[in-house]
Amino acid sequence: MIRVEHLHKSFSMPRSWRSRDTRAVVAVDDVSFHARNGQITGLLGPNGAGKTTTLRMVAGLMTPERGEIRVDEVDARREPRRALARLGVLSDARGLYPRLSARENIVYYAVLQGMAREQAHERVDALAQALDMRGLLERRTDGFSQGERMKTALARALVHDPANLILDEPTNGLDVLSTRALRETLLHLCSPQGGAKCIVMSSHVMQEVEKLCDEVVIVSHGRTVAHGTVAQLCERGGEPDFEEAFVKLAFAQELAAQGAAA
Amino acid sequence: MKGALAVFAKELIDALRDRRTLLTVLLSSVLMGPLVLVLLSGLIASLETRAERRVMVASGLEHAPDLRNYIERQGYTLEEAPADYEALLRASRLGEPVVVVPDDFAAQRDRGDAPRITVVSDSSNRQAEAGTSRVLRVLDGYNRERGALTLALRGVPPALLAGVDVQEVDLASVRSRATQFTSMLPFFVLMAVLYGALHAALDTTTGERERGSLEPLLTNPVAPTALVLGKWGAVAAVAMLIALLSVCSFLPAQMLIQSETLRSMFTFGAREALAFLAVLLPLAAALSALLMAVAIRCKTFKEAQANNTVVILAVSLLPLVALFNQSGDKPWFMWVPALAQYTLMNRVLRAETLSAMDVGVPALVSVLLAVACLAFVAQRLRGAAVR
């Protein structure tokens, strides 16, 4: 379970390349959501809405200025390492080590998560079975395709069997087959047989969120503007089509401004 | 601590699997020192044979038979100078200075004048220049003999001519004379260590960032300090390995030395190798940390390489301070990294013993430098991952 309350984060940017004085750019203004176990929660929003920054704060890569993050009731700001042990993170950057084999890449993270080596190797074999990547394990990751990279990175994020999983734009760069395989894996992971994990994913692709997510959180301009199931959001937007409803909810300001101008 | 060990093991495997880079480093830096040593011995050997050959090149010597007689009595073989000797000397194609005797040598002598003998050389022609002082000494000897003979004919004892008896005593030991030639060897060792650490240091910092693997790495519950310690351990281990190899490469290189003189002067045994390592290993650790600290600030591998050129330049220029400083080693040399190690290694080559203080002060400076750099890297690591 992941609970995020009123997160706020701004960056200081230099005004120009010459001057030293900076201006604050608000990346995340006020984002809150509650992701339950056994559900897939989707953060949906346009590019630059603050989805990646929000997930980075949950993953302990950035410190929020305000707000609260709780992972299974562990305060992530106070005990970041305890929270990280309960999290699997598939970040936007999926860098693998090209001179190591897929197995070595995954075992490295297992050991960093505090597992013993033998235990780690057993876990890698089990994951390879589940993710259908046994043929990849002993190969160096140098020439891997996007789909193969994705599988390796996902196995790496799942190696310590975390109760919570964060995925930032997981389908970026994947073809149809890989996307379908990933979708099935995620659905399995949040089912009771797969461990009823709490999964949070960000995306800007409508169809995907519509197909996968039990709960959708719409983020726009660094704020949570709406949340609920796809059906609830369509109802709130007053549109039968999810895309139309999303545009209405996410771009309320712009639509209002356009209306005023017209 | 367990995390640091896991990082150390992984980074070390990663660095050792980078065969091509490792091979280039080994070939370029580890073989450089011994190669220079062998070339140097070739040069000295050729100088020695030239000195043994005792040849003098002259033009117009037929006008001065008694000079010819004197030179031959000194055991020199005379060679007639080629007609275009000036051009040949300028082009460094003639390796001996030329003694030019004027046509009217005998006539001038008969008139009671001192005939002028010219020694033609080119100071940019190293080989010819090396022979000049030898030729001048022979001509000086001839002058003195002539004078002594003339005075003896008039009944003056030759001892009157020598107001003082001058004798030259060279205080330099055989080995300290060798350091004239071998003082550049520590420099090559320093460079080998630096280049050995460079690629690993960049790969574990900027490389990791550029590959996009730093961000996922930091989502593991491991303290940044532990990550940095593991990475630094691996980089330092590679640097130390290169240091060990480059120092040990001098042991077999000695066998290849042609010049007997250099071989007797340049002794590099187990004792010297151990002293070199005692001096080098702390520096290898400190330089690894420094390279990482410079690299972590940079966004790309390329930028990090450019920035670390400054470090490389500093390490290669600092030994010049010792070289240009005519008044000998200064106590403050020991407090400057690279300069201290260069000075100490040269002392080892001169067969001087190093005190605990000599080794301790530079080691302390290295430890402080490493700690400061690692603290900086640990502090910047998270910011580097997401920017």
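As the structure is a computational prediction, the values presented were derived from the model and not from experiment.

### A word on unusual backbone geometry
Even without being glycine, A:His221 reaches a positive phi, approximately 50°. Position of A:His221 relative to the elements: it lies in the loop between strand S9 (215-220) and strand S10 (223-228). In this structure, B:Ser92 is a non-glycine residue whose phi angle is positive, near 60°. Tracing the chain through its elements places B:Ser92 in the loop between helix H5 (85-90) and strand S3 (98-100).

### Description of the nonpolar core
Core analysis: the largest hydrophobic core is formed by 156 residues, its most contacted members being A:Ile2, A:Phe33, A:Leu165, A:Leu186, A:Val216 and A:Phe242. If one sorts the elements of this core by residue count, helix H14 (residues 270-296) of chain B sits on top with 16 residues. In contact with A:Ile2, other than residues within four places in its own chain, are A:Phe33, A:His34, A:Ala35, A:Val58, A:Arg70, A:Leu87, A:Asn164, A:Ile166, A:Cys198 and A:Val200. One finds B:Leu67, B:Tyr76, B:Val99 and B:Tyr142 within the second-largest nonpolar core, a separate group that totals 16 residues.

### Things to note about the pattern of salt bridges
All chains considered together, the criterion is met by 35 salt bridges over all chains. Between B:Asp14 and A:Arg99 there is a salt bridge whose closest N-O contact spans 2.9 Å. Remark: A:Arg99 occurs in the loop between strand S6 (87-90) and helix H3 (102-112) and B:Asp14 occurs in helix H1 (residues 2-17); the pair is interchain, linking two chains. The exposure classification of B:Asp14 matches that of A:Arg99, with both residues buried. A salt bridge links A:Glu104 to B:Arg17, with the shortest nitrogen-to-oxygen separation between them at 2.7 Å. Of this pair, A:Glu104 sits in helix H3 while B:Arg17 is found in helix H1, placing the two residues in two different chains. On the accessibility criterion, B:Arg17 (21% relative accessible area) is partly exposed. In this structure, a network of salt bridges that share partners links the residues A:Arg99, B:Lys10, B:Glu11, B:Asp14, B:Asp18, B:Asp203, B:Glu208, B:Arg211 and B:Lys231.

### Description of the state of the cysteines
Counting across every chain of the model gives zero disulfides over all chains. In this structure A:Cys234 is not part of a disulfide, and its nearest cysteine sulfur, from A:Cys213, lies 13 Å away.

### Considering a negative patch on the surface
Together, A:Glu210, A:Asp241, A:Glu243 and A:Glu244 make up a negatively charged patch on the protein surface. Counting through the fold element by element, A:Glu244 comes out in helix H9 (residues 242-250).

### Structural notes on the sheet that holds strand S4 (residues 118-120) of chain B
Residues and elements named next belong to chain B. Across the sheet, four strands lie side by side as S2-S1-S3-S4; this open sheet has mixed pairing. Among the strands making up the open sheet, the edge pair consists of strand S2 (77-80) and S4. With direction set aside, neighbouring strand axes in the sheet form an average angle of 35°. Relative to S4, S3 runs antiparallel, the two sharing three bridges. Paired with Val-99 across the strands is Val-119, a residue of S4.

What counts and how
Residues numbered from 1 in each chain as written. Chains lettered and ligands numbered in written order. Predicted model: local features only at pLDDT ≥ 70, side-chain atom pairs only at ≥ 80, totals over all residues. Heavy atoms only, no water. Helix = DSSP H or I, 4+ residues; strand = E, 2+ residues; numbered from the N terminus. Core = buried A, V, L, I, M, F, W, Y, C linked by side-chain atoms within 4.5 Å. Buried < 20%, exposed > 50% of the residue type's maximum accessible area, 1.4 Å probe, protein only. Contact = heavy atoms within 4.5 Å. Salt bridge = Lys/Arg side-chain N within 4 Å of Asp/Glu carboxyl O. Disulfide = S-S within 2.5 Å. Patch = residues over 30% accessible without salt bridge, like charges linked within 9 Å, V, L, I, M, F, W, Y side chains within 5 Å. Areas by Shrake-Rupley, 256 points an atom, 1.4 Å probe, with all protein chains shown as cover. Lys, Arg positive; Asp, Glu negative; His and termini not counted. Charge placed at Lys NZ, Arg CZ, Asp CG, Glu CD. Pairing = 2+ DSSP bridges. Axes fitted to C-alpha atoms, helices over the stretch in contact; angles between N-to-C directions.

Distances and angles like these do not, on their own, reveal function.
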